[in-house]
Amino acid sequence: MSELVLQIDGIEVTAQEGATILEAAESVGIAIPTLCHHHKLEPYGGCRVCSVEVEANGRTVVVAACTYPAEKNVVVRTKTEKLGRIRKALVEMMMAHAPDSEKLVELAEEYGADKDRFKRNQSFCIHCGLCVRYCNEVKKKNALGFIDRGAKKRICFIPEIAAKECWQCKECFPLCPTSALQAAFVLNESITQPAASAGTCSCGHGTGK
């Protein structure tokens, strides 16, 4: 596989073709914040906290470092005033759902985010998709998925699969950046009240169809 050279925060970085900007940055010890990224999973770009500025041919764009490919001769900036404002706003929106998340509190302190800026909707879920993707991509169990869209989007355990697989596994629990206890609660509710869970699961499982 061929190599390419790009510049990240003033440092010349050699990366393998096909690597993402995040991977290239990590290879030289440049830290970029992430919430939805996991090295075992396919790039997702859900939280956008890893946003960076990429300059090429005189044009600068903001992209998600975890999904954007490293490209020859581009200039990447990971710490700018604009990126600080973006990350601050993103953290503030997520803290409306999980104000006590340790990871979010750390990011809030770093970027000066106000956890009370947005109205509380304490669902504990920030839609990072780590649990869903880990179950599907790594464990191959497909025991949970997203249902609904937008503000109503949430995690749904599939009762008939979860009852057999999840309590013995629970590998997705510690991946949650907000509350593993909430994951346990949702799982328990799905298993103990399958009829109610099935009735709201629009992913096509457990609906009795």
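Residues numbered from 1 in each chain as written. Predicted model: local features only at pLDDT ≥ 70, side-chain atom pairs only at ≥ 80, totals over all residues. Heavy atoms only, no water.

Concerning the pairing of strand 3 (residues 51–56)
Then comes step 1: Where strand 3 meets strand 4 (residues 59–64), six bridges bridge the pair, whose relative direction is antiparallel. The residue bridging Ser51 from the neighbouring strand is Ala64, located in strand 4.
Then comes step 2: The turn linking strand 3 back onto strand 4 is made up of two residues, and Asn57 within it adopts a positive phi angle of 55 degrees. (Pairing = 2+ DSSP bridges. Helix = DSSP H or I, 4+ residues; strand = E, 2+ residues; numbered from the N terminus.)

A few points about the sheet that holds strand 1 (residues 3–8)
Then comes step 1: With respect to topology, five strands assemble into an open sheet ordered 2-1-5-3-4, the strand pairing being mixed. Only two strands of the sheet have a single neighbouring strand rather than two, namely strand 2 (11–16) and strand 4. Neighbour-to-neighbour, the strand axes of the sheet open up by a mean angle of 35 degrees, direction not taken into account.
Then comes step 2: Pairing analysis gives three bridges linking strand 3 to strand 5 (residues 75–77), with the strands arranged antiparallel. From the neighbouring strand, Glu53 faces strand 5, where its bridge partner is Arg77.
Then comes step 3: Contacts from helix 2 (residues 81–95) reach strand 3, strand 4 and strand 5, with the element oriented near 150 degrees to strand 3. (Axes fitted to C-alpha atoms, helices over the stretch in contact; angles between N-to-C directions. Contact = heavy atoms within 4.5 Å.)

Focus: the nonpolar core
Then comes step 1: Judged by nonpolar contacts, the single largest core of 23 residues is most densely connected at Leu6, Ile8, Val52, Val54 and Val76.
Then comes step 2: Those elements that place two or more of their residues in this core are strand 1, strand 2, helix 1 (21–27), strand 3 and strand 4.
Then comes step 3: When residues in this core are grouped by element, the largest group, four residues, is from helix 1.
Then comes step 4: When sequence neighbours within four positions are dropped, the list of residues in contact with Val52 reads Ile21, Ile32, Val61, Val62, Val63, Ala65, Val76, Arg77, Thr78, Leu83 and Arg87.
Then comes step 5: Among the nonpolar cores identified, the runner-up in size contains 20 residues, and Met94, Ala98, Leu104 and Leu107 belong to it. (Core = buried A, V, L, I, M, F, W, Y, C linked by side-chain atoms within 4.5 Å. Buried < 20%, exposed > 50% of the residue type's maximum accessible area, 1.4 Å probe, protein only.)

Quick notes on the state of the cysteines
Then comes step 1: Taken as a whole, this structure holds zero disulfides when the rule is applied.
Then comes step 2: Of the cysteine sulfurs around Cys135, a residue in no disulfide, the closest is that of Cys166, at 5.9 Å. (Disulfide = S-S within 2.5 Å.)

Looking at the environment of Cys166
Then comes step 1: Of note, Cys166 is situated in helix 5 (residues 159–169).
Then comes step 2: Sequence separation between Cys166 and Asn188 is 22 residues; the distance between their C-alpha atoms is 9.7 Å.

Considering the environment of Cys156
Then comes step 1: Along the chain, Cys156 turns up in strand 7 (residues 154–157).
Then comes step 2: Assessed through its relative accessible area of 5%, Cys156 is described here as buried.

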